[in-house]
Each structure stands twice: as structure tokens, then as C-alpha cells.
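Overview (structure and organization)
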Amino acid sequence: MSQKIGSLPVSDPPPTRAISGGDDPLFKGSGMTQRGAYAAVSYMSCAVLLVMFNKAALSSYNFPSANVITLLQMICSTCLLYVMKRWKFVTLSVTERNQSDSPILVPVKTLMHTLPLSIAYLFYMLVTMESVRGVNVPMYTTLRRTTVVFTMIVEYLLTRQKYTPPIFGSVALIVFGAFVAGAHDLSFDARGYGIVFLANIATAIYLATINRIGKSSGLNSFGLMWCNGLVCGPILLFWTFIRGELRLTMNFPDLYSPGFMAVMLFSCILAFFLNYFIFLNTTLNSALTQTMCGNLKDLFTIGIGWVLFGGLPFDLLNVLGQILGFVGSGLYAYCKLRGN
């Protein structure tokens with residue numbers, strides 16, 4: 001393995017490596033490692049920025065196709081991974097068994113093993129991108145906070161994962177806070193709300209699939225991203241073509257606007273790092289921890305969204321609901337850090 005690999009962390013290191021400082025507990029008695037904490041904080045930072053840039057493209061510039069944005073993000077991520085792999089800046093697997101010099105860079109058997117993950121990823125990306133359009137940013141983050149319930153259900157169905165009473169209490173507090181915060185939403189849109197809840201289900205399935213297939217595939221975070229791009233890219237390209245979304249994109253009046261091009265560039269870059277940190281956080285910690293990180297970063301998303309895009313009126317119930325949600329997320333983080 002090239003010495004350059006150490007510049008970026010990868011999940012599931014080979015068992016022959018000595019345990020590094022990054023694999024030590026965050027503090028004595030903690031249930032989270034230093035690398036796990038790094039992955040969680042990095043994910044939250046990327047997620048806040050990506051929501052802002054996607055919202056700017058779809059709402060401020062009125063770009064007609066969320067699917068095309070997803071396609072561009074996927075193409076950029078795949079091309080970047082290919083270059084990084086060829087330059088030996090990263091590897092795609094944690095064992096020599098899954099290395100391949102073929103054009104697809106991984107064995108076909110490994111690619112087929114990750115097929116369910118790729119399909120879950122495509123469903124997650126399409127629905128999540130579309131869900132941003134239908135509701136304002138504050139309400140979007142509020143509804144997305146209920147993803148924790150779906151994640152717990154899916155993890156139990158797939159892995160029989162069970163949780164302690166404090167964890168259940170933190171989840172109940174988050175969901176209750178979400179409903180309190182949305183009690184006075186004057187911009188209710190049944191279709192928009194429905195798509196957000198569908199995005200919650202898609203997210204839960206995707207994260208649980210990462211946790212189950214990702215660890216058994218022999219691939220690291222970059223390898224999982226690469227397989228997703230190989231499988232989902234052609235499917236999404238065909239889908240946008242038959243729906244006429246590529247034609248709409250070519251006729252978009254602001255397509256070559258410097259401002260719009262800058263928004264799209266940052267969106268693609270952030271999507272690459274976001275997907276990487278989702279894989280890293282989920283494999284180092286858990287699917288539920290990944291979902292909780294999505295709740296903790298909502299404080300910044302809501303604040304920035306109110307300033308840049310407006311939307312939900314600022315009232316007492318909304319503030320109370322947000323506080324309850326953050327307290328619930330904080331309780332979960334405390335339980336995780338204490339190893340409960």
C-alpha cells in the first residue's frame with residue numbers, strides 16, 4: 001500500500017495493522033473512538049453546507065431538475081476517485097483480495113455483492129434531493145429529525161439491534177420536539193411533507209445497508225463510493241434522459257451563469273466529502289449514530305436557512321420544539337460517549 005494513503009482515513013483497517021492513536025477511545029470509558037468522533041464532526045460540517053448549496057440551486061436559481069444535480073455529483077465523485085486511485089493516493093479495499101487492475105478497479109464479484117447498497121444509495125439520493133425542494137429549510141430539518149425512528153426500526157429488522165431505555169428516551173424527545181416545532185407551520189404542503197418522510201425511510205434503509213453490507217464487502221469508504229457510482233451513474237443518466245431532464249438542463253437560462261456554476265461546483269465537491277464521511281461515520285460508529293449526527297447539525301442548518309432563505313415564522317412553539325430536539329440529540333450523544 002502506498003504511503004500516501006495515510007492522508008485520508010479509511011474505514012475498517014486491515015486487522016494486521018497495529019491500533020493507532022485514532023482508534024483509542026475519545027476519553028477514558030467513552031464508547032466512541034477518536035476516529036469516530038472525527039468522522040461524526042466532519043459529516044455534520046459537510047452536511048450543513050451541502051443543504052445550503054442544494055437549496056440555492058433548486059430555489060434561488062430555480063434549477064428544474066434535482067436528478068441532474070445528483071447525476072453531476074455522482075459523475076464528479078466517480079471521476080475524482082478514479083484519478084485518486086490511479087495516482088495511488090487512495091485504495092478502494094482493505095485487503096489485497098479485493099484489489100483489481102481491471103478498468104472497474106474492483107472484482108466483479110465484489111461489485112455484485114454491493115449491488116443492494118448501490119440501489120439503496122440511488123433511492124436515497126433521488127428522494128433526498130427532491131425533498132429539499134418542497135418545504136422550507138427550517139421545516140425540512142425538523143421533519144428529517146424523525147429519521148431516527150425509521151433507522152431504529154430498520155436496524156432491528158436487519159440486525160436485531162436493541163437499544164437501552166436512555167436511547168429510546170432520547171429518540172422520543174427528538175420526535176416530540178419535531179412535532180412541537182412544526183405545529184405552526186403556515187406553509188403546509190402535503191406532497192412536500194410526504195416526500196420528506198419518504199426520504200426518511202430511504203435514509204434509514206441506506207444507512208442500515210451500509211452497516212450490514214459495507215463491513216462484509218472488504219471495501220473501505222472509497223471503495224463503497226466507487227461501486228455506487230459504477231452502478232448508479234448509468235441508471236441515473238438513462239433516467240434523466242428519458243424524462244427530458246437533460247434537455248431542460250441544456251435550456252436552463254442560468255446554466256453558464258458564474259454564480260450558478262460556482263454553486264454547482266461547491267455542491268459536487270461537498271457531495272463527494274459528504275458521502276465519504278457518511279460511510280466512515282456509519283462503519284466506525286453505527287447507523288443510528290449517523291442519524292443522530294444529522295440531528296445535531298440541524299442547529300446550524302436552521303439558523304443559516306432562516307437567514308438566507310426565510311420560511312418558517314419564528315414563534316415560541318417552534319423554538320421550544322427545536323430545543324427539545326437538540327436536548328434529545330445531546331442525550332443520545334452523551335449515552336454514546338459514555339458507552340451506554
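This is a predicted model, so every value here is computed, not measured. (Residues numbered from 1 in each chain as written. Predicted model: local features only at pLDDT ≥ 70, side-chain atom pairs only at ≥ 80, totals over all residues. Heavy atoms only, no water.)

Quick look at the overall build of the chain
So the rule is basically this: Where helices and strands are cited, they refer to DSSP runs of H or I of at least four residues and of E of at least two residues respectively, numbered from the N terminus. Type-normalised accessible area, obtained with a 1.4 Å probe on protein chains alone, sets the label of each residue: buried when under 20%, exposed when over 50%, and partly exposed for intermediate values. Calculation of accessible area relied on Shrake-Rupley with a 1.4 Å probe; when residues are assessed, cover is drawn exclusively from the protein chains displayed.
For the chain, the helix and strand inventory stands at 14 helices and 0 strands. Secondary structure elements of the chain, listed N to C terminal, follow the sequence α-α-α-α-α-α-α-α-α-α-α-α-α-α. Counting every position in the chain, which comprises 340 residues, the buried fraction comes to 53%. On the chain, roughly 15400 Å² of surface is accessible, and the fraction owed to carbon and sulfur atoms is 70%.

Thoughts on helix α2 (residues 66-86)
Heads up, the condition is: Every helix has an expected span of 1.5 Å times one less than the residues it contains. Polar contact is the term for a pair of N or O atoms within 3.5 Å; when the atoms are in protein, one must be able to donate a hydrogen and the other to accept it, and sequence-neighboring residues count only if both atoms are side-chain atoms.
Between its first and last C-alpha atoms α2 spans 31 Å; for 21 residues at 1.5 Å apiece the expected length is 30 Å, and the two agree. One side-chain oxygen at the N-terminal end of α2 lies 3.4 Å from the backbone nitrogen of Asn 67; it belongs to Ser 65.

Some thoughts on the packing of aromatic side chains
Selection criterion: A pair of Phe, Tyr and Trp rings is counted when the ring centres sit within 6.5 Å of each other, with Trp represented by its six-membered ring. The angle between the planes then sorts it: under 30 degrees is stacked, over 60 is edge-to-face, the rest tilted.
With the rule as written, the count across this model stands at 14 aromatic pairs. Between the aromatic rings of Phe 63 and Phe 252, the centroid separation amounts to 5.1 Å while the plane-to-plane angle is 85 degrees, which identifies the pairing as edge-to-face. Of the two residues, Phe 63 is situated in the loop between α1 (34-60) and α2 and Phe 252 in the loop between α10 (245-250) and α11 (258-284); the sequence distance between them amounts to 189 residues. On the basis of relative accessibility, which here comes to 1%, the residue Phe 63 falls in the buried class. Owing to a relative accessible area of 8%, Phe 252 belongs among the buried residues under this scheme. A ring pair is formed by Phe 252 and Phe 260, whose centres lie 5.0 Å apart and whose planes are at 55 degrees; its orientation type is tilted. One exposure class covers both Phe 252 and Phe 260, and it is buried. In textbook terms, an aromatic cluster arises when at least three aromatic residues are bridged by ring pairs, as seen for Tyr 38, Phe 222, Tyr 276 and Phe 277.

Considerations on the packing of α2 against α11
Rules: Helix axes are fitted to C-alpha atoms over the stretch in contact, other axes to C-alpha atoms as well, and angles between N-to-C directions run from 0 to 180 degrees. Angle categories are assigned with fixed cut-offs, so that under 35 degrees is roughly parallel, over 145 is roughly antiparallel, 65 to 115 is roughly perpendicular, and the rest are oblique. In a left-handed crossing the near helix is turned counterclockwise from the far helix by less than a right angle, and in a right-handed crossing that turn is clockwise. Contacts between residues were defined by any pair of non-hydrogen atoms, one from each residue, lying within 4.5 Å. Any residue outside Ala, Val, Leu, Ile, Met, Phe, Trp, Tyr, Cys, Pro, Asp, Glu, Lys and Arg is labelled polar, Gly included; the first ten of those are nonpolar and the last four are charged.
Closest axis-to-axis distance for the α2/α11 pair is 9 Å, and the angle between their directions is 60 degrees. The angle between the axes of α2 and α11 places the two elements in the oblique class. Of the two possible hands of crossing, α2 and α11 adopt the one that is right-handed. Across the interface between the two elements, Ile 69, Leu 72, Gln 73, Cys 76, Ser 77, Leu 80, Leu 81 and Met 84 of α2 pack against Met 264, Ser 267, Cys 268, Ala 271 and Phe 272 of α11. When the residues that make up the contact of α2 with α11 are grouped by side-chain class, the tally is 10 nonpolar, 3 polar and no charged.

Overview of the nonpolar core
The condition is simple: Among buried residues, those of type Ala, Val, Leu, Ile, Met, Phe, Trp, Tyr and Cys that are joined through side-chain atoms within 4.5 Å constitute a nonpolar core.
Membership of the largest hydrophobic core comes to 47 residues, with the highest contact counts inside it found for Tyr 43, Tyr 206 and Ile 278. Leaving out residues up to four positions away in the same chain, Tyr 43 has contacts with Leu 274, Phe 277, Ile 278, Gln 290, Cys 293, Gly 294 and Lys 297. Residues Ala 57, Val 135, Met 139 and Leu 143 belong to the second largest nonpolar core, which totals 20 residues.

Re the confidence of the model for the chain
Just so we agree on the cut-off: pLDDT is a per-residue confidence score from the predictor, ranging from 0 to 100.
On average, residues of the chain score 79 in pLDDT, and 80% of them are at 70 or above. Here residues 1-21 scores under 50 on pLDDT; set against residues more than four positions off or in separate chains, the count is 38 contacts.

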